[in-house]
Amino acid sequence: MNIELLSTEQTNVLHQLISDEEHIVVCCHQNPDGDALGSSLGWAEYLRSQGKDPYIVAPDMFPDYLHWMPGIERVVRYDKHPEAVEEAFMKADLIFCLDYNRPDRMEKLGEILIAATAKKVMIDHHPNPDMDTALTISHPELSSTSEMVFRLVWQLGGFDRMTKKFAAPIYCGMMTDTGGFTYNSTRPEIYFVVSQLLTKGIDKDKIYRNVYNNFSEWRLRLIGYVLYQKLNVFSEKHASYFSLSRNDLRRFHYIKGDAEGLVNMPLQIKGMKLSISLREDNERDNLVWVSLRSVDDFSCTKIAEKYFNGGGHLNASGGRLNCSMDEAERIVRQAISEI
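Described in the following lines is the structure provided in the data block. Computed from a prediction, not measured in an experiment: that's the story for all the values here.

Basis of the calculations
Residues numbered from 1 in each chain as written. Predicted model: local features only at pLDDT ≥ 70, side-chain atom pairs only at ≥ 80, totals over all residues. Heavy atoms only, no water. Core = buried A, V, L, I, M, F, W, Y, C linked by side-chain atoms within 4.5 Å. Buried < 20%, exposed > 50% of the residue type's maximum accessible area, 1.4 Å probe, protein only. Helix = DSSP H or I, 4+ residues; strand = E, 2+ residues; numbered from the N terminus. Pairing = 2+ DSSP bridges. Contact = heavy atoms within 4.5 Å. Axes fitted to C-alpha atoms, helices over the stretch in contact; angles between N-to-C directions. Phe/Tyr/Trp six-rings, centres within 6.5 Å; stacked < 30°, edge-to-face > 60°. Disulfide = S-S within 2.5 Å. Parallel < 35°, antiparallel > 145°, perpendicular 65-115°, else oblique. Left-handed = near helix turned anticlockwise from the far one by under 90°. Expected span 1.5 Å × (residues − 1). Arc of directions from axis to C-beta. Polar contact = N/O pair within 3.5 Å; in protein donor to acceptor, adjacent residues only side chain to side chain.

**A closer look at the nonpolar core**
Core analysis: the biggest nonpolar cluster contains 56 residues, and Leu14, Trp43, Phe96, Ile123, Ile137, Phe166 and Leu197 have the highest contact counts within it. Ranked by residue count, the leading element in this core is helix α6 (residues 164–177), at eight residues.

Structure below.
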């Protein structure tokens, strides 16, 4: 089965970049999810096998349910250690940009990325890449950036040397970006990748439990509250939305990651094509985070771009609104009425 991503010329360029440069940074997008962290940790593990010591950066906090991943203790958060991260970017010879297609996906850290003189390599599966790089590896048709990292390591001849420290985060990234292999995961190559990761001795069932069965009781209470009191269903439009205010988050002792996956649940309603969630930022005023999910060929990406200053994939997108929750709900209702 051919799972190679790079041309011969691109392979040579990537080999040379890794070989030549010593000060290497690996960084992912803001609000890192399983794929962002999984691909970063996996790629860093490959770089270590090549004699490198990469500096791994996340812009901000990541969910509690990802703290089990091997190597997570090496991740440096920019919001906690801004001076150290900025120094690393300025000293870097080579920066790997994983799971984002534009610097603004890193918010403030994106400005530091742009200012850095290091050569940059993008490894990403989001559409429309827009970054000045020495090498752009972009494949929006693939399930995840973690899948891309596996394919790259395989093509570079490094997989045999990999261990659980590589396989576990890569599997986690693939699993979370496909909702447990329930969407964007029909290509046979995905299961070849999974079969190879299993040869490294990972426990895929435990990884699933670590991610999906590792919440507080308040997370379950929050789900019940959302489904019973906050869900707005527009049956004739085959769409729904719900909102979570800052007061809601406080009431249910919200911690980062507690709302993960909630936006998928309304799609269990027969005939539902689109689900939208609104979540008020629990620190910044007039900032509402938007998540969109859809099924089949109904594109939530176009809606995210048109109404919510966002983008993403055909069936999974996100965005943000700089306004009150009342105004955000008005915009969602307008979007649903117009589509």
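Structure shown, so let's carry the discussion forward.
**With respect to the sheet that holds strand β7 (residues 232–234)**
Ordered in space as β7-β8-β9-β10-β12-β11, the six strands form an open sheet in which the pairing is mixed. Because the sheet does not close on itself, it has two edges, and the strands there are β7 and β11 (311–312). Relative to strand β10 (residues 288–294), strand β9 (residues 274–280) runs antiparallel, the two sharing seven bridges. Looking across to β10, one finds that Ser275 is bridged to Arg293. The sheet strands contacting helix α9 (residues 217–230) are β7 and β8 (239–244), and the helix crosses β8 at an angle near 125 degrees. Helix α12 (residues 325–338) rests against β7, β8, β9, β10 and β12 (316–321) of the sheet, and its axis sits at about 175 degrees to β8.

**Examining the packing of aromatic side chains**
All told, the structure shown has 15 aromatic pairs when counted by the stated rule. On the basis of an interplanar angle of 70 degrees and a centroid distance of 6.3 Å, the ring pair of Phe159 and Phe166 is categorised as edge-to-face. Phe166 matches Phe159 in its accessibility class, with the two residues each being buried. Here the aromatic rings of Phe181 and Tyr191 are separated by 6.1 Å at their centres, their planes lie at 50 degrees, and the arrangement is tilted. On the criterion of sequence distance, the pair formed by Phe181 in the loop between α6 and α7 (188–198) and Tyr191 in helix α7 is long-range, its members being 10 residues apart. Taken together through their ring pairs, the aromatic side chains of Phe150, Trp154, Phe159, Phe166 and Phe192 make up a single cluster.

**Section: the state of the cysteines**
Counting across every chain of the model gives zero disulfides. With no disulfide of its own, Cys97 lies 4.5 Å from the sulfur of Cys27, the closest cysteine sulfur. Of all cysteine sulfurs, the one in Cys323 lies closest to Cys300, which takes part in no disulfide; the gap is 19 Å.

**Some words on the sheet that holds strand β2 (residues 55–58)**
If you walk across this open sheet you meet the six strands as β3-β2-β1-β4-β5-β6, and the pairing is parallel. With partners counted over all chains shown, the strands left at the sheet margins are β3 (75–77) and β6 (135–138), one partner each. The mean angle between the axes of side-by-side strands here comes to 20 degrees, regardless of whether they run parallel or antiparallel. Here β2 pairs with β3 via three bridges, running parallel. The residue bridging Val57 from the neighbouring strand is Val76, located in β3. Helix-sheet contacts for helix α1 (residues 8–20) involve β4 (94–98), β5 (119–124) and β6, and the interaxial angle to β6 is about 120 degrees. Lying over the sheet, helix α5 (residues 145–155) contacts β4, β5 and β6, oriented at roughly 115 degrees with respect to β5.

**Re the packing of helix α2 (residues 34–49) against α6**
Where α2 contacts α6, the axes come no closer than 8 Å and their chain directions differ by 155 degrees. In terms of their interaxial angle, α2 and α6 are classed as roughly antiparallel. Crossing hand, α2 versus α6: left-handed. The segment α2 lies against α6, with Gly34, Asp35, Gly38, Ser39, Leu41, Gly42 and Glu45 engaging Lys165, Phe166, Pro169, Ile170, Gly173, Thr176 and Asp177.

**Describing α1**
Helix length check: α1, at 13 residues, gives a terminal C-alpha distance of 18 Å against a target of 18 Å (1.5 Å per residue), a fit within 8%. For α1, the full list of buried residues reads Thr11, Leu14, Leu17 and Ile18. With its buried residues spanning 130 degrees around the axis, α1 presents them on a single face. Among the exposed residues of α1, those pointing more than 90 degrees away from its buried face are Thr8 and Glu9. Where α1 is buried, its residues meet α2, β4, β5, β6 and α5.

**Thoughts on helix α4 (residues 108–115)**
Within α4, burial applies to Leu109, Gly110, Ile112 and Leu113. Angularly, the buried residues of α4 cover 160 degrees about the axis, an arc narrow enough to put them on a single face. Exposed side chains of α4 directed beyond 90 degrees from the buried face belong to Lys108, Glu111 and Ile114. In the core, the buried residues of α4 are packed alongside β2, α3 (82–91), β4 and β5.

**Details of the environment of Arg161**
Tracing the chain through its elements places Arg161 in the loop between α5 and α6. Taking C-alpha positions, Arg161 is 37 Å from Asn264, a pair spaced 103 residues apart along the chain. Aside from chain neighbours lying at most four places away, what touches Arg161 is Ser49 and Gln50. Of the polar contacts made by the side chain of Arg161, one reaches the backbone oxygen of Ser49; its length is 2.9 Å.

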